[in-house]
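The residues making up each chain are set out below.
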Amino acid sequence: MPDMVYWRNNLFARTIIYLLPFCLIALIPGVYLSINTGKYILAVIDGMTVISIVMVAFLPGIALHIRKIIFIGSLYLLSCVLLYYIGLSGPGLLYLQLGCIFGILIFPAQYAWWPAFLNTFICILFAIAIFFGQLPWNDLKNPTSAWIAVSSNLVFLSFLSAALIPGLFNGLQQTLQKEKQLHQQLNKEQQSLSKAVLMLEQKNTELEQFAYAASHDLQEPLRMVTGFLTQLEKKYGSTFDDKAKQYIDFAVDGAQRMRQLILNLLEFSRVGRLG
């Protein structure tokens, strides 16, 4: 049964597969905006991001963890460029949060807090740059206050994601482990049941053979008793009184009933085999 490493890698692969065709939805408007505003760096970064995703998807010989780092790094680079040139009105903060969530999902649980701390570090760097007027933001009267108000919510959501998502994965991992253990236990019980059924079939075969042999062997002395009593009555019947003849009849009748009981036992032993 697949473990959490498999599901993380599978999620990453599916993300790349579905992300490639949807990149055009963000690439075309980004290129159009960069041409209209003269900020051609946005088009360059958008193109580099798409190229990096294509490399992650199709370039051979790259280790899986390197592909993940390239993907997350491209996402963070794109978000920082968008924040720098567009500001709060652009999707930069959204991409930062997506980078945090994707980082938590596709990397092992021991690295879950790293994206949250990285988002916090980026927010602090931008706050310092805004305070010293190093960002080209002209549409906000008080950009420092606005940035603190917005980025604090980003940091809150980042740490909340880092706290909740690994717990969800741990619960899923425990569920998968329990299911795996239950499956293994069920297989063991099925094997034990199969062995028990096979042993029962062997015992039934042995019992049938024993019943056949026993019934055959038991009929032989009964036939002798019946035969000799019949011969005794034929040869010496004239000398027997009625009481003696009655005793012989009782003995012959008992032997015949005993033989019939043996035949019934043999028939009963064949019931399971004959259905």
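Heads up: the structure comes first, above all this text.
A few points on the structure. Everything numeric here is computed off the predicted structure, so don't read it as measured data.

Right, let's get into the overall build of the chain. The number of helices and strands found in the chain is 8 helices and 0 strands. Start at the N end of the chain and walk to the C end: the helices and strands fall as α-α-α-α-α-α-α-α. For 275 residues, the compact-globule formula gives about 19 Å, and the C-alpha radius of gyration of the chain, at 44 Å, lies well above that figure. For the chain, the C-alpha atoms occupy an extent of roughly 145 × 35 × 25 Å along the three principal directions. Expressed as a percentage of its 275 residues, the buried residues of the chain come to 29%. Residue pairs in contact within the chain that sit at least 24 positions apart in sequence constitute 69% of those at least 6 positions apart.

The description of two packed helices rests on the angle between their axes and on the distance between the axes. Across the interface, helix H1 (residues 4–37) lies against helix H3 (residues 64–85) with an axial gap of 12 Å and an inter-helix angle of 50°. On the basis of their axis angle, the class for H1 and H3 is oblique. Where H1 crosses over H3, the two elements pack in a sense that is left-handed. Residues Asn-9, Phe-12, Thr-15, Ile-16 and Leu-19 of H1 form the contact with H3, whose participating residues are Leu-64, Arg-67, Lys-68 and Phe-71.

The biggest cluster of nonpolar side chains holds 33 residues, and the ones touching the most others in it are Phe-71, Leu-96, Ile-106 and Trp-147. Elements with a contribution of two residues or more to this core: H1, helix H2 (40–58), H3, helix H4 (92–106), helix H5 (113–131) and helix H6 (143–236). A per-element tally of this core places H6 first, with 7 residues. Beyond its immediate chain neighbours, meaning those up to four positions away, Phe-71 contacts Phe-12, Thr-15, Ile-16, Leu-19, Ile-53, Val-56, Phe-102 and Ile-106. Ile-45, Leu-82, Ile-86 and Tyr-95 belong to the second-largest nonpolar core, a separate cluster that totals 8 residues.

The subject of this paragraph is the side chain of Asp-46. Relative to the helices and strands, Asp-46 resides in helix H2. Setting aside chain neighbours within four positions, we find Asp-46 in contact with Leu-27, Gly-30, Val-31 and Leu-78.

For the pair H5 and H6, interaxial distance at closest approach is 8 Å and the crossing angle is 175°. Viewed along their axes, H5 and H6 adopt a mutual orientation that is roughly antiparallel. Between H5, through Trp-113, Ala-116, Phe-117, Asn-119, Thr-120, Cys-123, Phe-126, Ala-127, Ile-130 and Phe-131, and H6, the contact on the second element is made entirely by Pro-143, Thr-144, Trp-147, Ser-151, Leu-154, Val-155, Ser-158, Phe-159, Ala-162 and Ala-163. When the residues that make up the contact of H5 with H6 are grouped by side-chain class, the tally is 15 nonpolar, 5 polar and no charged.

Cut-off values and rules
Residues numbered from 1 in each chain as written. Predicted model: local features only at pLDDT ≥ 70, side-chain atom pairs only at ≥ 80, totals over all residues. Heavy atoms only, no water. Helix = DSSP H or I, 4+ residues; strand = E, 2+ residues; numbered from the N terminus. Rg over C-alpha atoms; globule rule 2.2 N^0.38 Å. Buried < 20%, exposed > 50% of the residue type's maximum accessible area, 1.4 Å probe, protein only. Contact = heavy atoms within 4.5 Å. Axes fitted to C-alpha atoms, helices over the stretch in contact; angles between N-to-C directions. Parallel < 35°, antiparallel > 145°, perpendicular 65-115°, else oblique. Left-handed = near helix turned anticlockwise from the far one by under 90°. Core = buried A, V, L, I, M, F, W, Y, C linked by side-chain atoms within 4.5 Å. Nonpolar A, V, L, I, M, F, W, Y, C, P; charged D, E, K, R; others polar.

Such coordinate-based values are descriptive only and should not be taken to indicate function.
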